[in-house]
Amino acid sequence: MTQASTLVPAAVSSEMALTVNGTERRIPAGWTLADLLASLSLDARTVVIERNGTILRDRVSFAKLELEAGDSLEIVHFVGGG
Amino acid sequence: MSHADLISSATLTDPQPFSIAGREFRSRLMVGTGKYASNSQMIEAIEASGAEVVTVAVRRVDLDRSKDEAILHHLDPEHYFLLANTAGCFNAADAIRYARLARAAGFNEWVKLEVIGDQQTLLPDTIGLLEATKTLVAEGFKVLAYTNEDLITALRLEDAGAAAVMPLASPIGSGLGMLNPYAIRTIKQRLSVPVIVDAGVGTASDACVTMEQGVDGVLMNTALAEARHPMRMARAMRLAVEAGRQAYLAGRMPKREIAVPSSPESGKLRG
């Protein structure tokens, strides 16, 4: 086993994969939803989030909501339309 | 106050304020927010239109931030009534999902419900529309249902609890104007809930003809956004909607296929 390959599993174990708006993203394990929004520079008040098909109505809970590997998130907002 | 002002403020007020589901609105003209060249152009046009109800769409946030799409950076929700649509939904389940997401934004429980049945014409899937209307009404939504000019569908939507029925003048974005005034009049005559014509208006005369059918309001987007001068067209639409409404209330003269002189036949000089 090369040195590089021994480093990879360590790095992977501290990360997890989830799907955000249809695209897979890797984020640090243990991140809350608030952490993810902050990393995306998104204000929770201006978006609506669906997690695994369920709309998250309580924005205050975002800081406590720990994301899990394999989560599927949809982050939507209002855009121009007729 | 001048004599003219007294007449316009008292005698000519609309005997029936524009209200949907018990909420009164200041303008019978509703406008969309899509397809403008810029956000500043959109705001100018909406202001000039005098509209209170403005429609918005629900879409994924562009996480790469390639463009500034968030409409609420530009539209003050205190000043406008935001009406979310379910545009782009091709079945009842998707439309219901979009409506729920829109409500979770926290502004109101109203939705302009679209269930599209065909990509090329964007004509409504009236079966999916009825299904979604029933579900959303049961969940407490105020549903404004975008439909075609079919009376029976309109009646079924009213029965299903729609707060307003929105028949099209012609297909979305076509600008073809009012293709079937007879059908629109029939719908208006038979329904108790407000009838708001949505889609197809291309220019001011279309809006005026639409309002002359006696409908409660009209919703448009492309006619403003794709005009060479959106703000000026918005002003024209505002005047046209008001003119059409007044003409409807005034009651037009009968059409005759013969001439009838306007000046007296008597008292003419004889040679």
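Residues numbered from 1 in each chain as written. Chains lettered and ligands numbered in written order. Predicted model: local features only at pLDDT ≥ 70, side-chain atom pairs only at ≥ 80, totals over all residues.

**A word on the overall build of chain A**
Then, number 1: Of regular secondary structure, chain A possesses 2 helices and 5 strands.
Then, number 2: Listed by position from the N terminus, the elements making up chain A come as α-β-β-α-β-β-β.
Then, number 3: Contacts spanning at least 24 positions in sequence make up 63% of the contacts within chain A whose residues lie at least 6 apart. (Helix = DSSP H or I, 4+ residues; strand = E, 2+ residues; numbered from the N terminus. Contact = placed C-beta atoms within 7 Å.)

**Describing the interface of chain B and chain A**
Then, number 1: Taken together, the 26 residues of chain B in the interface contact 19 residues of chain A.
Then, number 2: For the side of chain B that touches chain A, the secondary-structure elements that each account for two or more residues are strand E4 (53–60), strand E5 (81–85) and helix H3 (92–104) of chain B.
Then, number 3: Of the residues forming the side of chain B that touches chain A, the biggest block, 6 residues, is contributed by E4(B).
Then, number 4: A class-by-class count of the residues in the side of chain B that touches chain A yields 15 nonpolar, 7 polar and 4 charged.
Then, number 5: The pairing of strand E5 (residues 72–80) of chain A with E4(B) spans 5 bridges and is antiparallel. By the bridge assignment for E4(B), A:His77 is matched with B:Arg59. (Nonpolar A, V, L, I, M, F, W, Y, C, P; charged D, E, K, R; others polar. Pairing = 2+ DSSP bridges.)

**Digging into helix H4 (residues 126–138) of chain B**
Residues and elements named next belong to chain B.
Then, number 1: Between the first and last C-alpha of H4 there are 18 Å, a value that for 13 residues agrees with the 18 Å anticipated at 1.5 Å per step.
Then, number 2: Buried residues of H4: Gly128, Leu129, Leu130, Ala132, Thr133 and Leu136, and no others.
Then, number 3: The elements touched by buried residues of H4 are H3, strand E6 (110–113), strand E7 (142–147) and helix H5 (151–159). (Expected span 1.5 Å × (residues − 1). Buried ≥ 20, exposed ≤ 12 C-beta atoms within 10 Å, placed from the backbone.)

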